[in-house]
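Fold and contact review
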Amino acid sequence: MVSYDDELTMIETFSESDEPISPSKIFQIRDEIFEEGPDMLWGRKIARFFHKYLPGYGANASIDAAWAYFENITLPRRKKDSSGAYIKAKRGESCRLLRRKSGIETGLYPAWTTPMSEFRNFGIGVAVYFETMRALAVICLVAGLLYLPSIMYYDSTSYDETGRSSIEWQLRGSLMCHDTKWVPCPTCTLEDWADSPRRYAIAENNLVFVLANECADIRLREGLQHLVVILFLAIAIFALGFHQKKLELQYDEAILSASDYSIKVDDPPLDATDPDEWKEFFSRFEGAHVTYVTVGLDNKHVVNALIKRRLLLQKLRQLHRSEHGTKEHQNATLEDLIAIATKRKPRLARSFIKTEEKCRNLLSPEKTYGTTSIFVTFETESAQRNVLRALSVGHKDILRNNVLALDDPNHAFRGKYVLRVAEASEPSTIRWQDQDETLMIKIGQRLLTSLITFVIVWGGFISVRAAFLKSDTLAAFLIAILNILGPHLFKLVNKLEAHPDEGSWQASLYTKICIFRWINTAIVTTMVTPFMDTIAINGLIAKVDAVLKAEIITQPVVHMLDIWNNIKRHIFAPNAANQEAMNSNFTGSVQHLGDKYTAMTKIIFLCIFYSPIFPASFFLWCFCICS
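The following paragraphs examine the structure supplied in this document.

Contact geometry for helix α15 (residues 439-470) and helix α17 (residues 502-527): axes closest at 10 Å, N-to-C directions at 30°. Relative to α17, α15 is oriented roughly parallel. Between α15 and α17 lies a crossing of right-handed hand. In contact with T449, T453, I456, V457, G460, F461, V464, R465 and F468 of α15, α17 contributes K512, I515, F516, I519, N520, V524, T525 and M527.

In structure tokens form, the structure reads like this:
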């Protein structure tokens with residue numbers, strides 16, 4: 001067991017870094033160094049109950065230490081700054097020893113009462129997302145209020161003389177018509193009513209009857225109200241777009257980041273691998289002091305091999321620790337790890353040896369890799385802007401390598417290359433393994449993923465259409481389930497694409513999920529419903545209502561239950577072989593903003609799409625967002 005001084009040194013080291021802390025770095029820290037606070041999670045209390053009354057629950061390691069790791073390392077915590085405002089605490093700052101040293105108190109972010117201003121601590125994208133949610137909820141509420149006269153009219157005997165008491169309360173403000181009557185139609189044939197055969201009948205005297213809606217016609221007033229709402233929505237959504245850009249700029253200016261000082265060269269010469277050459281070149285520009293130069297190489301295979309080696313090495317270490325314990329494991333050599341694996345898991349040992357040889361071969365001095373991109377960081381923002389301004393030329397001039405298009409011939413790299421430069425993305429968002437893909441490879445990847453996306457969307461369409469033929473409720477919940485499972489499929493599909501940064505990757509993911517959800521949620525409902533059943537009692541409006549209710553219930557409940565991660569924490573973790581393996585089940589889940597945005601847009605698209613016949617859906621959608 002390590003000493004308290006060693007523990008303090010480890011925690012201070014962790015707190016100085018914003019990088020995720022792996023369970024292997026924290027496994028030896030004792031759970032008592034994190035004091036229990038009033039914000040202890042219910043999951044930890046449940047785990048303590050199971051540990052007390054279930055034999056063997058967490059027998060191989062400390063389940064309380066794993067929950068302490070989850071509460072204090074994995075989950076974000078907040079603290080008060082000198083002005084009394086809450087800011088994000090560094091990882092490990094809740095350690096008892098650090099708290100005693102600094103006097104800083106930390107706590108978990110409240111699930112229900114965290115103010116909007118604190119979301120910027122999680123990055124610009126997260127802050128803008130929650131601001132967008134709040135704005136859309138207000139827009140939705142205002143749209144519903146603008147529709148209120150139409151809703152009141154549809155809920156009156158002026159529209160439906162039979163009354164609305166037999167219709168569900170949320171549907172009374174829709175065009176659903178309960179007042180129907182069988183009327184003779186001598187010229188009608190069964191073929192004309194093939195989509196709605198239940199509205200067609202033949203009497204004993206062979207006279208043809210059809211079921212007609214007797215509700216009042218739509219007045220000009222309702223049509224004008226609909227135009228007003230659509231105009232309001234168009235203006236509000238465009239204004240929201242400008243507001244998002246303003247917020248992004250505001251948050252970006254409030255938080256200084258590496259991208260404010262950096263540029264990226266997208267088309268460097270393949271042999272320009274010397275960072276000193278790039279530093280000397282960019283130092284020529286007015287006021288430019290180069291601080292860092294990062295050279296991206298075409299070495300994706302090397303990176304993948306090293307990642308695989310690290311994962312296999314972690315498995316070897318876990319195996320050795322379970323065999324010899326923590327104390328002996330700290331002094332184990334690579335040969336010791338392989339020897340244990342050869343006895344207990346020979347396949348793992350062979351895989352590691354093969355990967356080790358591959359890494360050594362790829363990293364041999366004889367191997368050379370071309371340049372794919374260059375990242376340059378300057379001392380000041382003005383230097384970055386000066387370089388971007390000096391190298392700003394037309395796209396055609398870059399393709400033709402037209403040196404004459406530059407204001408100063410010295411701005412041509414090596415005197416003959418016109419560079420394509422742009423402001424660099426945040427270092428944490430750059431997809432380093434995708435920097436080496438050519439344009440033709442990217443086009444081929446997009447064609448392949450587009451084909452896979454089409455197959456998935458078509459499969460969802462077929463399954464939803466089949467479900468609607470059996471039951472509206474079944475179809476509604478199938479749509480909700482597909483909307484939950486679909487993003488996971490498209491995340492796998494998106495891994496086949498190369499993107500320069502996470503923003504581009506998220507945009508591609510958003511497009512795929514958006515098409516899938518829009519078609520399944522809104523378009524397929526219209527396509528499977530006969531036109532004559534649009535305002536029928538069990539027609540299109542009832543289907544839309546069922547889909548909305550399923551989305552309101554299913555999505556929030558599934559997200560709040562966090563089923564998979566709770567299974568890992570309460571079932572897999574207590575049965576883990578050691579503390580490191582146990583802590584690895586408390587790492588949380590990755591959230592994608594592209595997925596979150598499509599969850600919002602699919603509902604607002606559904607409401608706008610069906611607003612002429614179901615204006616009250618805006619109130620349901622507002623409740624859906626708030627839930």
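In terms of nonpolar packing, the biggest core is built from 71 residues, with Y159, I541, L548 and F614 touching the most fellow members. Setting aside residues up to four positions removed in sequence, F614 forms contacts with Q170, L171, S174, I541, V544, D545, L548 and L620. Among the nonpolar cores identified, the runner-up in size contains 24 residues, and V290, V387, V393 and F413 belong to it.

This part takes up the state of the cysteines. All told, the structure shown has two disulfides when counted by the stated rule. In this model, C177 is linked to C215 through a disulfide, with the two sulfur atoms separated by 2.1 Å. Given an S-S torsion of about 100°, the disulfide between C177 and C215 has right-handed geometry. Placement of the pair is C177 in the loop between α7 (148-154) and β4 (180-184) and C215 in the loop between β6 (208-213) and α8 (220-254), with a sequence separation of 38 residues. In the chain, the bonded cysteines, numbered by position in the sequence, are linked as 1-4, 2-3.

For the rest of this paragraph, the subject is the packing of helix α18 (residues 540-561) against helix α21 (residues 593-610). Where α18 contacts α21, the axes come no closer than 11 Å and their chain directions differ by 160°. As summarised for this structure, α18 and α21 are arranged roughly antiparallel, according to the angle between their axes. Read as a crossing pair, α18 and α21 show a hand that is left-handed. Along its contact with α18, which presents L540, V544, V547, L548, E551, Q555 and H559, the element α21 presents K596, K602, I603, L606, C607 and Y610. In terms of residue class, the contact of α18 with α21 is built from eight nonpolar, two polar and three charged.

On to the sheet that holds β6. Ordered by their spatial adjacency, three strands build an open sheet running β4-β6-β5, and the pairing between neighbours is antiparallel. Where the open sheet ends on each side, the last strands, each with one partner, are β4 and β5 (200-202). Strand after strand, the sheet turns through a mean of 30° between neighbouring axes, direction not considered.

Let's shift gears to the sheet that holds strand β8 (residues 290-297). Strand order in this open sheet of four strands is β8-β9-β7-β10, and the pairing throughout is antiparallel. Only two strands of the sheet have a single partner each, and these edge strands are β8 and β10 (421-423). Each strand axis lies, on average, 20° off the axis of its neighbour in the sheet, ignoring direction. Sheet topology note: the strand β7 (residues 262-265)/β10 ladder contains three bridges and is antiparallel. Each residue of the ladder has a partner; that of K264, found in β10, is A422. Along the sheet, helix α9 (residues 275-282) makes contact with β7, β8 and β9 (371-378), crossing β8 at roughly 135°.

The next point concerns the packing of aromatic side chains. Two aromatic rings, taken as a pair, are described by how far apart their centres are and by the angle between their planes. Going through the model one piece at a time under the given rule, you end up with 27 aromatic pairs. Ring plane angle 65° and centroid distance 5.6 Å describe the contact between F50 and Y57, whose orientation is recorded as edge-to-face. The class of F50 is partly exposed, set by a relative accessible area of 28%. Between W278 and F413 the ring centres are 4.0 Å apart and the planes differ by 5°, which places this aromatic pair in the stacked class. Here F413 lies in the loop between α14 (395-400) and β10 and W278 lies in helix α9, a separation of 135 residues in the sequence. The burial state of W278 is the same as that of F413; both residues are buried. Aromatic rings pair up to connect W278, F281, F282, F285, F378 and F413 into one cluster. In this structure, K45 is placed above the aromatic ring of W42, and the distance from its NZ or CZ to the ring centre is 4.5 Å. The residue whose ring lies beneath R219 is Y153, and the NZ or CZ to ring-centre distance is 3.7 Å.

Scoring rules and cut-offs
- Residues numbered from 1 in each chain as written.
- Predicted model: local features only at pLDDT ≥ 70, side-chain atom pairs only at ≥ 80, totals over all residues.
- Heavy atoms only, no water.
- Axes fitted to C-alpha atoms, helices over the stretch in contact; angles between N-to-C directions.
- Helix = DSSP H or I, 4+ residues; strand = E, 2+ residues; numbered from the N terminus.
- Parallel < 35°, antiparallel > 145°, perpendicular 65-115°, else oblique.
- Left-handed = near helix turned anticlockwise from the far one by under 90°.
- Contact = heavy atoms within 4.5 Å.
- Core = buried A, V, L, I, M, F, W, Y, C linked by side-chain atoms within 4.5 Å.
- Buried < 20%, exposed > 50% of the residue type's maximum accessible area, 1.4 Å probe, protein only.
- Disulfide = S-S within 2.5 Å.
- Nonpolar A, V, L, I, M, F, W, Y, C, P; charged D, E, K, R; others polar.
- Pairing = 2+ DSSP bridges.
- Phe/Tyr/Trp six-rings, centres within 6.5 Å; stacked < 30°, edge-to-face > 60°.
- Lys NZ or Arg CZ within 6 Å of the ring centre and 35° of its normal.

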